[in-house]
Amino acid sequence: MNSLATIDWAAYNASAAGRPARRIVTRAILAAGGEGSGKVALDIGAGAGADSLEFARRGWTVHAYDIDETLSHRLIENRRMSGEVVFHHADASLEDSFPRADVIYSSDALPMLGPEGLERAWPRLVDALRPGGIMAVDLFGEQDTWAERPDVATLSTAQISSMFSRFQILEREVRDEDGRFFDGKKHWHVITTLARKRA
Ligand SMILES: C[S@@+](CC[C@H](N)C(=O)[O-])C[C@H]1O[C@@H](n2cnc3c(N)ncnc32)[C@H](O)[C@@H]1O
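Treat the numbers as computed from the prediction; the structure is a model and nothing was measured.

The rules behind these values
- Residues numbered from 1 in each chain as written.
- Predicted model: local features only at pLDDT ≥ 70, side-chain atom pairs only at ≥ 80, totals over all residues.
- Heavy atoms only, no water.
- UniProt positions renumbered as here; feature names shortened; annotations may be inferred.
- Helix = DSSP H or I, 4+ residues; strand = E, 2+ residues; numbered from the N terminus.
- Buried < 20%, exposed > 50% of the residue type's maximum accessible area, 1.4 Å probe, protein only.
- Arc of directions from axis to C-beta.
- Contact = heavy atoms within 4.5 Å.
- Salt bridge = Lys/Arg side-chain N within 4 Å of Asp/Glu carboxyl O.
- Near = heavy atom within 4 Å.
- Polar contact = N/O pair within 3.5 Å; in protein donor to acceptor, adjacent residues only side chain to side chain.
- Areas by Shrake-Rupley, 256 points an atom, 1.4 Å probe, with all protein chains shown as cover.
- Lys, Arg positive; Asp, Glu negative; His and termini not counted.

### Details of the UniProt feature "domain: Methyltransferase" (unreviewed entry) in the protein
As annotated by UniProt and renumbered to match this structure, "domain: Methyltransferase" (unreviewed entry) occupies residues 42-133. Along residues 42-133 one finds 25% helix and 28% strand; the C-alpha atoms at either end are 12 Å apart.

Take a look at the structure:
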């Protein structure tokens, strides 16, 4: 079993660069009050930035974090958008704090922080979210192929419930099926949650 450090995220992100934004981006924007200036999103593990760029097209400022630099090559698109992507080339699990945000978004990336990294980052992310703000994130469940990996955070239902104890759940979607990762087959057990932080 390779360690996550050996996954070529630059190659993965290059292969995903052209994908359309996920529909949950629009739902998060609507739940947080819609388009407009002054709104801030964080995108943790933003990859090639398909979702970050969608927030920025809608007038949002996005703080996009990733250990891979692919997104830095797309920042020229800031010139064409009403909002802006601010790229942080950083390990999100090591950040002491995050900018204040209306939405915290993460697609298929929080588990990659690892069990300890996610445990450290999660309370800092929750603190950064304004009361009433929206958390829209994927977490991996225990049926995921990568549950056997010590470097990926896979979580029980009880652990996920406790992470959202300060939230009202607006939507929850569970993907529990065989599929593919870009370099092979994989069972995906992905719990996607859209939730509002209680005031
Ligand atoms: C499966 S990809 C998802 C990328 C993007 N969110 C998407 O949906 O296309 C996981 C991303 O997490 C990033 N990543 C892994 N560990 C990270 C860490 N500790 N801090 C920040 N980003 C990390 C990888 O570089 C990669 O871009």
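Moving on from the coordinates now.
### As for helix α1 (residues 9-16)
Taken as a whole, α1 has its buried residues at Trp 9, Asn 13 and Ala 16. Taken around the axis of α1, the buried residues stretch over an arc of 60 degrees, which confines them to a single face. More than 90 degrees from the buried face of α1, the exposed residues found are Ala 14 and Ser 15. In this structure, the buried residues of α1 make contact with β7 (167-181).

### A few points about the pattern of salt bridges
Tallying each qualifying case throughout the model produces twelve salt bridges. A salt bridge links Arg 22 to Asp 138; the shortest N-O distance between them is 2.7 Å. Separated by 116 residues along the polypeptide, Arg 22 in the loop between α1 and α2 (23-31) and Asp 138 in strand β5 (residues 129-141) bring together distant segments of the chain. Across the pair Glu 54 and Arg 58 runs a salt bridge whose closest N-O atoms are separated by 3.1 Å. For Arg 58, a relative accessible area of 17% puts it in the buried group. Here the salt bridges do not stand alone but share partners, grouping Glu 35, Glu 54, Arg 57 and Arg 58 into one network.

### Some points on α2
The complete set of buried residues in α2 reads Ile 24, Val 25, Ala 28, Ile 29 and Ala 31. Summarising the axial view, the buried residues of α2 lie within an arc of 165 degrees, below the 170-degree limit, and thus occupy one face. Those residues of α2 that are exposed and aimed more than 90 degrees away from the buried face are Arg 23 and Leu 30. The secondary structure elements touched by the buried residues of α2 are α3 (50-57), β4 (101-106), β5, β7 and β8 (184-197).

### Considerations on the site of the ligand
In the region of the ligand, 18 residues are neighbours, and Arg 19, Gly 45, Asp 66, Asp 91 and Ser 107 sit closest. One of the side-chain N or O atoms of Arg 19 is found 2.9 Å from an oxygen atom in the ligand. Ala 92 places a main-chain nitrogen or oxygen 3.0 Å from a nitrogen atom of the ligand. Look at the ligand: alone it shows 590 Å² of surface, and the protein chains cover 95% of it.

### Regarding the side chain of His 189
Of note, His 189 is situated in strand β8. Take His 189: its relative accessible area is 12%, and that puts it in the buried class. Other than its neighbours up to four places away in sequence, His 189 contacts Leu 139, Phe 140, Gly 141, Glu 142, Gln 143, Asp 144, Val 174, Arg 175 and Asp 176.

### Examining the side chain of Asp 43
Within the secondary structure, Asp 43 sits in strand β1 (residues 40-44). Although buried, Asp 43 forms no salt bridge, and the nearest oppositely charged side chain, Arg 19, lies 6.9 Å from it. Here the side chain of Asp 43 touches Ser 52 through a polar contact of 2.8 Å, side chain to side chain.

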